[in-house]
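What the coordinates show
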Amino acid sequence: MDAMANKIQTIKSDLDELNNFLEASTRTRTKNLLTTEIKKLQQEMIDLTNPSLKAPKPTMKFEPKLGYDVKLTNYAWDQSKESVKIYVTLKGVKNVANDSVSCHFTERSMNLQVNNLDLKNYYLHINNLCEDIDPSKSSFKIKTDMVVVTMIKKNKKDWAAVTSVEKSIKDAKDFKKKNDYDSSDPSAGLMSIMSKMYQEGDDEMKRTIAKAWSESQEKKMKGEKMEM
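For clarity, every value in this text was computed on a predicted model and none was experimentally measured. Residue indices follow the written sequence of each chain, beginning from 1 at its first position. With pLDDT at 70 or above as the cut-off, local features in this predicted model cover only qualifying residues; side-chain atom pairs require 80 or more to be listed or tallied, and sums for whole chains, interfaces and linings still use all residues. Each side-chain value is derived from all of the structure's non-hydrogen atoms; neither hydrogens nor water enter the calculation.

1. Focus on the nonpolar core
Counted only if it meets this: Only buried Ala, Val, Leu, Ile, Met, Phe, Trp, Tyr and Cys residues count toward a nonpolar core, and they belong to the same one when joined by side-chain atoms within 4.5 Å. For each residue, the accessible area found with a 1.4 Å probe, counting protein chains only, is set against the maximum for its type, and the residue is called buried under 20%, exposed over 50%, and partly exposed in between. Helix and strand labels come from DSSP, where a helix needs a run of H or I of at least four residues and a strand needs a run of E of at least two; each type is numbered from the N terminus.
One finds Ile86, Met110, Leu112, Val114, Val149 and Met151 to be the most contacted residues of the largest nonpolar core, which totals 25 residues. Of all the elements in the fold, those that place two or more residues in this core are β3 (83-89), β4 (101-106), β5 (109-117), β6 (120-126) and β8 (146-152). With four residues, the top contributor of residues to this core is β5. The next biggest cluster of nonpolar side chains, apart from the first, holds nine residues, and it includes Leu15, Leu34, Leu41 and Met45.

If you want it as structure tokens, here you go:
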């Protein structure tokens, strides 16, 4: 076997091994590093055999992303009768490729994803929206340092908050301020609101309320023991 054939065989073996590592890996950074090395070897193979051939793509079950994931929690919002707008500030977002920004909508959620921005992948997931939206009419726009998400309302009415959880908390505070519950049992009104949130909430909300209730009862029991 001559030197050229021997080198080609070595590259093929390296590619097979790297692809096996790629399929077995679970960490994003590891996948990115492996993908980069695979592309280099593929190009080297083309240069050695036939430059007119296009290098085969590695077998991957994911869309490559650079960097690490960053969860976004801060955003601004406003509304009109027809829509709710979410303003997400991301410096330099105008410089990323158009296909690196996406937003998925359902009737009660929006999931914004911005990939490969300064070696980071940003995402904003808002579930349990206050009211229903029309996913087919909702959209987003990329500004200089901002992404503006426009959610089209199904019903043309004002939202009390962005999510149903925020609305429930606001309702509880308003209820307490108005002092509409029996003053002889100041916890009754809050318990009513918490019960309503538990019944209408999803699994995550129910777990959160159950945990808060359990911790509250533990603190109450400790306080009673101290008084005794």
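2. Considerations on the side chain of Asp134
For the record, the criterion: His residues and chain termini do not enter the charge count, which takes Lys and Arg as positive and Asp and Glu as negative. Any Lys or Arg side-chain nitrogen found within 4 Å of a carboxyl oxygen on Asp or Glu counts as a salt bridge.
For Asp134, the location among the structural elements is in the loop between β6 and β7 (139-142). The side chain of Asp134 sits in the buried core without any salt bridge; Lys137 is the nearest counter-charge, 4.1 Å away.

3. Quick word on helix α1 (residues 3-24)
Our working definition: In this scheme, a helix's expected span is set at 1.5 Å multiplied by one less than its residue total. Think of it as the arc spanned by the lines of direction from the helix axis to the C-beta atoms.
Relative to the 32 Å expected for 22 residues at 1.5 Å per residue, α1 spans 32 Å between its end C-alpha atoms, a close match to the ideal helical length. Buried within α1 we find Ile8, Ile11, Leu15, Leu18, Asn19 and Leu22. In an axial view of α1, the angular spread of the buried residues amounts to 105 degrees, which keeps them on one side of the axis. Residues of α1 that are exposed and point over 90 degrees away from its buried face: Ala3, Asp16 and Ala24.

4. Examining the packing of α1 against helix α2 (residues 28-48)
When two helices pack together, you describe them by how their axes are tilted relative to each other and by the distance separating the axes. What counts, and what does not: Each axis is a line fitted through C-alpha atoms, and for a helix only the stretch in contact is used; angles between axes span 0 to 180 degrees, taken between their N-to-C directions. With respect to orientation, any angle under 35 degrees is reported as roughly parallel, any angle over 145 as roughly antiparallel, any angle of 65 to 115 as roughly perpendicular, and every other angle as oblique. Left-handed describes a crossing in which the near helix is turned anticlockwise from the far one by less than a right angle; the clockwise case is right-handed. For this analysis, residues touch if any pair of their heavy atoms sits within 4.5 Å. Note on residue categories: nonpolar means Ala, Val, Leu, Ile, Met, Phe, Trp, Tyr, Cys or Pro, charged means Asp, Glu, Lys or Arg, and polar means any other residue, Gly included.
Viewed as axis vectors pointing N to C, α1 and α2 meet at an angle of 160 degrees, and their least axial separation amounts to 10 Å. In terms of axis orientation, α1 runs roughly antiparallel to α2. Taken as a pair, α1 and α2 cross one another with a handedness that is left-handed. Within the contact between the two elements, α1 uses Met4, Lys7, Ile8, Ile11, Lys12, Asp14, Leu15, Leu18, Asn19, Phe21 and Leu22 and α2 uses Lys31, Leu34, Thr35, Glu37, Ile38, Leu41, Gln42, Glu44, Met45 and Leu48. Class assignment of the residues belonging to the contact of α1 with α2 gives a composition of 12 nonpolar, three polar and six charged.

5. Looking at unusual backbone geometry
Excluding glycine, residues mostly have negative phi values, and the peptide bonds linking residues are mostly trans. Backbone geometry at Asn116 places phi at a positive 60 degrees, although glycine is not the residue there. Examined against the element boundaries, Asn116 turns out to sit in strand β5. A positive phi angle is found at Leu119, which is not glycine, with a value near 65 degrees. Note on placement: Leu119 falls in the loop between β5 and β6. Assessed through its relative accessible area of 58%, Leu119 is described here as exposed.

6. Remarks on the sheet that holds β8
Here is the rule we go by: Pairing between two strands is assigned when DSSP locates at least 2 bridges connecting them.
Strand order in the open sheet formed by four strands is β2-β3-β8-β7, with antiparallel pairing between adjacent strands. Unpaired on one side and paired on the other, β2 (76-79) and β7 mark the two borders of the sheet. Ignoring strand direction, the axes of neighbouring strands in this sheet form an average angle of 20 degrees. Note that β7 and β8 share four bridges and pair antiparallel.

7. Section: the pairing of β5
Most of β5 is tucked away, with seven of its nine residues classed as buried. The turn linking β4 back onto β5 is made up of two residues. Sheet topology note: the β5/β6 ladder contains six bridges and is antiparallel. The partner of Leu117 across the bridge, within β6, is Lys120. As consecutive antiparallel partners, β5 and β6 are separated by two residues, and within that stretch Asp118 has a phi angle of approximately 50 degrees, a positive value.

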